[in-house]
Amino acid sequence: MNAILLAESPRTAFAESVLGRGEVEVVLLRLDSMPLSRAYLRRTAHVPTFTLDPGAALMDEAARYLRWVKGTKGLPRPWFVCGGDPEAGEVARRFGALVDLPELTPEQLAPVPVALPAAAGEPWWRDGRGLLETDLSDLGNSAKRLAPSA
């Protein structure tokens, strides 16, 4: 079964959606400075969670994470890292690079122009998730199509 390291964010809908999928095992990457509701913490109490120490260097936390993964029997071994919002995604990207997990490149996250029908006027910009959605769909993974934002 595929496993991911999921960086949490205060907007918990994404994490709860991922946790609700039966085909994905999740290890949560918790940022100690991130405000999370008590209800969410109760709902995720059963999920393996690695909490980053905000006072420690990210490199040191990566080494501590690798020791934790190696020393914890039965822990899912994440193959990928992701975050549910831009702040969590950036932490996930940097942390993932330190623990040798594939992550999106800055180019993949960069805004890209999206052509809209001529009546809509100028092209609008959004991050690279549209390209990622297409890539995931091409690989046979369903990806929710995002509607253009105004």
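Structure: above.
What follows deals with the overall build of the chain. From N to C terminus, the chain includes six helices and six strands. From first element to last, N terminus to C terminus, the chain shows the α and β order β-α-β-α-β-α-β-α-α-β-β-α. Residue burial in the chain is summarised as follows: out of 150 residues, 30% are buried. Taking contacts inside the chain between residues at least 6 apart in sequence as the whole, the part at least 24 apart equals 39%.

This part is about helix H3 (residues 58–71). Here H3 contains 14 residues, and its C-alpha end-to-end distance of 20 Å stays within 8% of the 20 Å for a straight helix at 1.5 Å per residue. Buried within H3 we find Glu-61, Ala-62, Tyr-65 and Val-69. Viewed end-on, H3 has its buried residues packed into an arc of 105 degrees, placing them on one side of the element. In H3, the exposed positions angled more than 90 degrees off the buried face are occupied by Met-59, Arg-67, Lys-70 and Gly-71. Its buried side turned inward, H3 meets strand S1 (2–7), strand S3 (49–52) and helix H4 (86–98).

The next thing to look at is the sheet that holds strand S2 (residues 24–31). With respect to topology, four strands assemble into an open sheet ordered S3-S2-S1-S4, the strand pairing being parallel. Only two strands of the sheet have a single neighbouring strand rather than two, namely S3 and strand S4 (80–83). Adjacent strand axes in the sheet meet at a mean angle of 25 degrees, parallel and antiparallel pairs treated alike. Note: S1 against S2, six bridges, orientation parallel. Bridging from a neighbouring strand, Ala-7 pairs with Leu-29 of S2. Along the sheet face, H3 touches S1, S2 and S3 and points at about 160 degrees away from the line of S3. Of the strands in this sheet, S1, S2, S3 and S4 touch H4, which is tilted by about 160 degrees from S4.

Looking now at the packing of aromatic side chains. By convention here, two paired aromatic rings are described through the distance between centres and the angle between planes. Across all of its chains, the model carries five aromatic pairs by this definition. Measuring from ring centre to ring centre gives 6.0 Å for Tyr-65 and Trp-68, while their planes differ by 45 degrees; the resulting arrangement is tilted. You can see Tyr-65 and its partner Trp-68 sitting in helix H3, three residues apart, about one turn around the helix. Each ring, one from Tyr-65 and one from Phe-95, has its centre 5.4 Å from the other, and the planes form 75 degrees; the classification is edge-to-face. In this pair, Tyr-65 sits in helix H3 while Phe-95 sits in helix H4, placing the two residues 30 residues apart along the sequence. For Tyr-65, a relative accessible area of 3% puts it in the buried group. Following the ring pairs from residue to residue traces out a cluster consisting of Phe-50, Tyr-65, Trp-68 and Phe-95.

Turning to the environment of Ala-62, a few remarks are in order. Considering the arrangement of structural elements, one finds Ala-62 in helix H3. When the C-alpha atoms of Ala-62 and Asp-100 are compared, they prove to be 9.7 Å apart, with 38 residues separating the residues in sequence. When near neighbours in sequence (up to four residues on either side) are disregarded, Ala-62 contacts Phe-95, Leu-98 and Val-99.

Scoring rules and cut-offs
Residues numbered from 1 in each chain as written. Predicted model: local features only at pLDDT ≥ 70, side-chain atom pairs only at ≥ 80, totals over all residues. Heavy atoms only, no water. Helix = DSSP H or I, 4+ residues; strand = E, 2+ residues; numbered from the N terminus. Buried < 20%, exposed > 50% of the residue type's maximum accessible area, 1.4 Å probe, protein only. Contact = heavy atoms within 4.5 Å. Expected span 1.5 Å × (residues − 1). Arc of directions from axis to C-beta. Pairing = 2+ DSSP bridges. Axes fitted to C-alpha atoms, helices over the stretch in contact; angles between N-to-C directions. Phe/Tyr/Trp six-rings, centres within 6.5 Å; stacked < 30°, edge-to-face > 60°.

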